[in-house]
Amino acid sequence: MTAREINPQDTTRASAYELWMNAPNPMVTFFKTLDVTNLIKISKKKHMKFNMLLDFCIGKAAGSIKEFYILPVGEKLMKYDHLAVNTIVKNKTGEVSSCDILYTEDLVKFNQDYLKYTIQVAENCQDRDLSNDCMVIGTSAIIDTEID
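Residues numbered from 1 in each chain as written. Predicted model: local features only at pLDDT ≥ 70, side-chain atom pairs only at ≥ 80, totals over all residues. Heavy atoms only, no water.

K.L.:
Help me understand the overall build of the chain in this model?
P.N.:
Per the secondary structure count, the chain includes 4 helices and 6 strands. When the elements of the chain are put in sequence order from the N terminus, they spell out β-α-α-α-β-β-β-β-α-β. Residue burial in the chain is summarised as follows: out of 148 residues, 32% are buried. Residue pairs at least 24 apart in sequence account for 65% of intrachain contacts in the chain once pairs closer than 6 positions are excluded. (Helix = DSSP H or I, 4+ residues; strand = E, 2+ residues; numbered from the N terminus. Buried < 20%, exposed > 50% of the residue type's maximum accessible area, 1.4 Å probe, protein only. Contact = heavy atoms within 4.5 Å.)

Structure representation (structure tokens):
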């Protein structure tokens, strides 16, 4: 896995890069209401975690958009070869930890990695950070909370 510096002027992100250079946190947040009924059905039928399936779908959607592989890092614009999806894990102390899962188009492999690494992070209470080698797509969750 690698990341390499690219010339911003050679990308579709040249103007965004100029704006990001002085931003304290170069992040874009998307909000979208989705009908996840089918995902819930698949989760129950295949005995797979709903959050894993949602993370897989996020990775799959992002994987087809070339701009998701590009991120300003310091003074450089970096292009990554791989994506990872971040998920929030409730750890054994009841706090939250961060867990990056390398995205693969193979759902079975992604599920195996998701289960392996979320369990590992929950047990050792140490974040799993792939941001040196992958463009990480952040997700968030509110643990043990019901929203009206």
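Picking up where we left off.
K.L.:
Teacher, can you tell me more about the pairing of strand β2 (residues 70–73) here?
P.N.:
It is a general feature of regular strands that their side chains alternate between the two faces of the sheet. Of the two faces of β2, only the one carrying I70 and P72 is buried; L71 and V73 on the other face are not. Inspection of the sheet shows β2 paired to strand β3 (residues 76–80) by 4 bridges, in the antiparallel sense. Across the sheet, the residue bridging to I70 is K79, located in β3. Counting the residues in the hairpin turn of β2 and β3 gives 2 residues, including G74, whose phi is positive at 60°. (Pairing = 2+ DSSP bridges.)

K.L.:
Would you explain the packing of aromatic side chains in this entry?
P.N.:
When we look at a pair of aromatic rings, we describe it by the centre distance and by the angle of the planes. Scanning all chains against the criterion turns up 3 aromatic pairs. Between the aromatic rings of Y103 and F110, the centroid separation amounts to 6.1 Å while the plane-to-plane angle is 55°, which identifies the pairing as tilted. As far as burial versus exposure is concerned, Y103 and F110 are alike and both buried. Connected via pairs of aromatic rings, a cluster forms that spans F56, Y103 and F110. Seen from the ring of Y117, R128 lies directly overhead, with NZ or CZ sitting 3.3 Å from the centre. (Phe/Tyr/Trp six-rings, centres within 6.5 Å; stacked < 30°, edge-to-face > 60°. Lys NZ or Arg CZ within 6 Å of the ring centre and 35° of its normal.)

K.L.:
Would you mind going over the confidence of the model for the chain with me for this structure?
P.N.:
Keep in mind that low pLDDT regions are not for reading the predicted coordinates in detail. Here the chain shows a mean pLDDT of 86. Residues at 70 or above account for 89%. Across the chain, element-level confidence peaks in helix α4 (residues 107–124) with a mean pLDDT of 97 and bottoms out in helix α1 (residues 14–20) with 76. (pLDDT = per-residue confidence, 0-100.)

K.L.:
Teacher, can you tell me more about α4 here?
P.N.:
Owing to its 3.6 residues per turn, the α-helix aligns residues three or four sequence positions apart on the same side. The terminal C-alpha atoms of α4 lie 25 Å apart, and with 18 residues this matches the ideal 26 Å at 1.5 Å per residue to within 8%. Along α4, the residues classified as buried are F110, N111, D113, Y114, Y117, T118, V121 and A122. Each buried residue of α4 sits inside an arc of 165° when the element is viewed along its axis, so together they form one side. Opposite its buried face, α4 presents the exposed residues V108 and I119, each directed more than 90 degrees away. On its buried face, α4 sits against α3 (50–63), β4 (83–90) and β5 (96–102). A positive phi of about 60° marks C125, the residue just after α4. (Expected span 1.5 Å × (residues − 1). Arc of directions from axis to C-beta.)

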